[in-house]
Amino acid sequence: MSIWSVVYRQMKEKRAKVVLMVLSVAITIGGISGVLLTTFNLQKEVADYYDKIGANIVIVPQELTKGSAFDGVPFTGQKQLGIAITLPQKIKTIKNKESISIISPKVVVPTKINNQDGVVLGVIFSEELRAKKWWQIIGRKPQNSEEGLIGENLYEKLGKPQKVKINGKDFVISGVIKKTGSFEDNSLFLDLNTVRSMFKINSYSFIEVSALCSTCPIPEIVRQIKGLDPNIKVLAMADAIYDRKLLVENFNEFGKQMAFGLLALGIGNFLLIAFSLFKEREKELLIFRTLGFNKLKIFNLYSLEILAEILASEIFGSILTLILSFALAKMLGITEAYFFSWQYQAYALLGGLILGGVVSIIPVIKVSRLNEQEILREY
Amino acid sequence: MAFIEVERVNKKYLKGKTETNVLKDVSFNLGKGEFWVVAGPSGSGKSTLLSILGSLNEPDSGKVTVDGFDLFGLNHDERALFRLNYLGFVFQNFHLLPYLTALENVLLPTIASVQKINKKEEAINLLKMLGLNGKEDKYPKELSGGEQERVAIARALIMEPEIILADEPTGNLDSKTGEEVLNIFSELNRQGKTIIMVTHNLAHLNYATHALFLKDGEVQEIKTLREVN
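Residues numbered from 1 in each chain as written. Chains lettered and ligands numbered in written order. Predicted model: local features only at pLDDT ≥ 70, side-chain atom pairs only at ≥ 80, totals over all residues. Heavy atoms only, no water.

1. Some points on the overall build of chain B
When helices and strands are counted, chain B shows six helices and 10 strands. Relative to its 229 residues, chain B shows a buried fraction of 57%. Contacts in chain B between residues at least 24 apart in sequence constitute 67% of all its contacts with a sequence separation of at least 6. Roughly 10,200 Å² of accessible area belongs to chain B as shown, and the carbon and sulfur atoms make up 44% of that amount. (Helix = DSSP H or I, 4+ residues; strand = E, 2+ residues; numbered from the N terminus. Buried < 20%, exposed > 50% of the residue type's maximum accessible area, 1.4 Å probe, protein only. Contact = heavy atoms within 4.5 Å. Areas by Shrake-Rupley, 256 points an atom, 1.4 Å probe, with all protein chains shown as cover.)

Shown next, in the form of structure tokens:
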């Protein structure tokens, strides 16, 4: 007979209380990790949204002359006042530079494309493609400065050509951007420096800046960029997900309070049940002591039981995390949510072991130190 | 030197605000292989004396020496080891673990040992010797009072102790079963075990070599009833 078989039989004997204890810890673990996972899902959703909308700050020249904009996009050219070429470098020096992920300067030139009216946008493809993650390109990305992308409307308008001629120079259409419902549908995208040298442009039409995070201080970044040049206007795009951000913040707060509440409840329940179990086992302890069990043996006996209960709690806690995070995701309308995270389960396991260890050590020490004399009086 | 020496043992209990002297200057010497009956009315201090001899209860003053070991000069773990190797307890209420079978209850002390020991065969033989053949897998609730007492005796014997301490072992048994249990103790004594049995039934003196009479915590009389076999 091993110490494990005694522990197993003890647990089987007191199964109602053991089940209650396991459920109590499982609810604590499942509740806390479920709420934390939902908070993570909400934050991720907001971060993904920012990732999808790309730029959330647009820089335009302070004054636009009449007729210098197309579909809200400012043109530039030899005669137009634009944004200083040095501005992108300066933006990289602002205080909150760490929050800035993409700086995408552009020139916009209305011109003849294959002898038809159109708009050419000079862009840095590496930055632009990072910012426009929603673009669906039929074909491939441009590989060199003689290749470009074209909006689907313009492509159809021009008769779906493989090449386009601008200012007497040929460019290969490497890919077509599927309709986005914006000015992009009617634009041709070419390499920024190529367009600038072709049209001899020494300024930018506008710059899109992306701060790809849910908690970036956008108004502060706007203020810092404005301070770089008095001739620019810095516009923060309307925060379409303000309500969602507010929900994240509120849920964060609620989550913290709920986690603390659950933790306190869990510890309280665990202590109450553990002490009640140990109280019931005083007679058992007397038997162990009379039979020659030393304190370490008794400590091992009860610790093994606690360990087994915590491991069982972890399993049920994980299932509960799954159910709770799924239910909360449904309730809060989170479309792409994680219902299980090894990381959170590892935290929960560690937390459970620490909680169980700290809490169980008290009654275990109490029991192993009990004076036989006290128990003898009762039995 | 006597096998067990009890010198001027005193023990007080505090019941509420009242202090009760349970044992007052109790002294006696006990030889190896003797069968002592500790008799006396309720509250005379019999069980307290037994728990002190079993190193479960510490006296306020005095000294108890067993086979040269000063019991209360040992620390808690040394006392646990002493109990494991020297003592076998048999209680009035049997004190079997209800969730273990008869065989597992008998084997329980083997887990207390630091070394891993396998005494399953010995346990089965003990149960057989005590008339519990075929009852190894029964749980305490499935056994009669007498059978439970015999399981408790087998458990007390599994580590082959020198001394058996029995606290009113027949207290919960009918007279016939009680007699059977006393015969077992008698036989164990014949085999060389030292037995100290607490009882209030003076008929049990027939089985003993010595009797110690306690009254109000004091030794009233020590009688030699017969010679050790």
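2. A look at the overall build of chain A
Of regular secondary structure, chain A possesses 12 helices and 14 strands. Across the 379 residues that make up chain A, the buried fraction comes to 50%. Summarising the internal contacts of chain A: among those between residues at least 6 apart in sequence, 80% fall at separations of at least 24. If you sum the accessible surface of chain A, you get close to 18,700 Å²; carbon and sulfur atoms cover 59% of it.

3. What to know about helix α4 (residues 120-129) of chain B
All names here are of chain B. Looking only at α4, the buried set comprises A123, L126 and L127. All buried residues of α4 lie within an arc of 95 degrees about the axis, which places them on one face of the element. Those residues of α4 that are buried lie in contact with α3 (102-112) and α5 (145-157). Positive phi shows up at G131, right after α4, with a value of about 80 degrees. (Arc of directions from axis to C-beta.)

4. A word on the interface of chain A and chain B
Taken residue by residue, the interface counts 25 residues in chain A and 29 residues in chain B. When the buried area of chain A at its contact with chain B is split by residue, M1, R9 and L291 of chain A rank highest and sum to 25% of it. Viewed at the interface, chain B and chain A are joined by one salt bridge. E104 of chain B is paired through a salt bridge with R9 of chain A; the nearest N and O atoms lie 2.8 Å apart. For the pair chain A and chain B, the number of links is eight residue pairs in polar contact (both at pLDDT 80 or more). Elements with a contribution of two residues or more to the side of chain A that touches chain B: α1 (3-13), α9 (282-290), α10 (295-332) and α12 (372-378) of chain A. Here the side of chain A that touches chain B gets seven residues from one element, more than from any other, and that element is α9 of chain A. Split by residue class, the side of chain A that touches chain B holds nine nonpolar, seven polar and nine charged. (Buried area = accessible area lost by both parts, 1.4 Å probe. Salt bridge = Lys/Arg side-chain N within 4 Å of Asp/Glu carboxyl O. Polar contact = N/O pair within 3.5 Å; in protein donor to acceptor, adjacent residues only side chain to side chain. Nonpolar A, V, L, I, M, F, W, Y, C, P; charged D, E, K, R; others polar.)

5. Observations regarding unusual backbone geometry
Residue and element names in this part refer to chain B. Phi at D25 is positive, roughly 45 degrees, even though this residue is not glycine. With relative accessibility at 40%, the residue D25 sits in the partly exposed group. Residues other than glycine seldom take positive phi values, yet E168 does so here, at roughly 45 degrees. On the secondary structure map, E168 appears in the loop between β7 (163-167) and α6 (175-190). E168 gets classed as buried once you look at its relative accessible area, which sits at 10%.

6. Quick word on a nonpolar patch on the surface
Residues and elements named next belong to chain A. Together, V19, L23, I27, I315, F316, I319, L320, L322, I323, F340 and W342 give the surface a local cluster of nonpolar side chains, amounting to about 1,100 Å² of exposed area. If you list the elements that add at least two residues to the nonpolar patch, you get α2 (15-53) and α10. In terms of residues, the nonpolar patch owes the most to one element, α10, which gives six residues. Position of I323 relative to the elements: it lies in helix α10. (Patch = residues over 30% accessible without salt bridge, like charges linked within 9 Å, V, L, I, M, F, W, Y side chains within 5 Å.)

7. Re the side chain of E168 of chain B
Within the buried set, E168 of chain B has no salt-bridge partner at all; the shortest N-O distance to an opposite charge, 4.4 Å, is to K46 of chain B. Ignoring anything within four residues of it in the chain, the contact list for E168 of chain B reads K46, Q92, V198, T199 and H200 of chain B. (Lys, Arg positive; Asp, Glu negative; His and termini not counted.)

8. Considering the sheet that holds strand β1 (residues 4-15) of chain B
Remark on secondary structure: sheet strands pair via backbone hydrogen bonds, oriented parallel or antiparallel. All names here are of chain B. Strand order in the open sheet made by the four strands is β2-β1-β4-β5, with antiparallel pairing throughout. Among the strands making up the open sheet, the edge pair consists of β2 (18-30) and β5 (69-70). Running at roughly 60 degrees to β2, helix α1 (residues 46-53) makes contact with β1, β2 and β4 (61-66) of the sheet. (Pairing = 2+ DSSP bridges. Axes fitted to C-alpha atoms, helices over the stretch in contact; angles between N-to-C directions.)

9. Focus: the nonpolar core
Ranked by internal contacts, the top residues of the largest apolar core, which has 61 residues, are F288 of chain A together with L108, I153 and F185 of chain B. Here this core takes seven residues from α3 of chain B, the largest share from any one element. Beyond its immediate sequence surroundings of up to four residues, I153 of chain B is in contact with V90, L130, V181, I184, F185 and L188 of chain B. (Core = buried A, V, L, I, M, F, W, Y, C linked by side-chain atoms within 4.5 Å.)

10. Let's talk about the pairing of strand β9 (residues 210-215) of chain B
The side chains of a regular strand alternate, residue by residue, between the two faces of the sheet. Residues and elements named next belong to chain B. Within β9, five of the six residues are buried, leaving the element largely enclosed by the surrounding structure. The pairing of strand β3 (residues 35-39) with β9 spans four bridges and is classified as parallel. Counterpart to W36 in the pairing with β9 is H210. As defined by bridge partners, β9 adjoins strand β10 (residues 218-224) across six bridges and the pair is classed as antiparallel. Note on β10: the bridge partner recorded for L214 is V219. Hairpin connection, β9 to β10: the antiparallel pair is bridged by two residues, and D216 has positive phi, about 50 degrees.

11. Focus on the sheet that holds β9 of chain B
Residue and element names in this part refer to chain B. Strand order in the open sheet formed by six strands is β6-β7-β8-β3-β9-β10, with mixed pairing between adjacent strands. Since the sheet does not close on itself, it has two edges, and those belong to β6 (87-90) and β10, each with one partner. Ignoring which end each strand starts from, the neighbouring axes of this sheet average 15 degrees apart. This element, helix α2 (residues 76-86), spans β6 and β7 of the sheet and lies at about 80 degrees to β6.

12. Let's talk about the environment of V46 of chain A
Position of V46 of chain A relative to the elements: it lies in helix α2. Each C-alpha atom, one on V46 of chain A and one on V248 of chain A, is 8.3 Å from the other, the two residues being 202 residues apart in sequence.

13. A few points about the pattern of salt bridges
All names here are of chain A. Applying the stated criterion across every chain, the model contains 20 salt bridges over all chains. Note that K106 and E208 form a salt bridge whose closest N and O atoms lie 2.8 Å from each other. Of the two residues, K106 sits in strand β5 (residues 102-113) while E208 sits in strand β13 (residues 206-210), which places them 102 residues apart along the sequence. With relative accessibility at 1%, the residue K106 sits in the buried group. The salt bridge partner of K165 is D170, with a shortest N-O separation of 3.4 Å.

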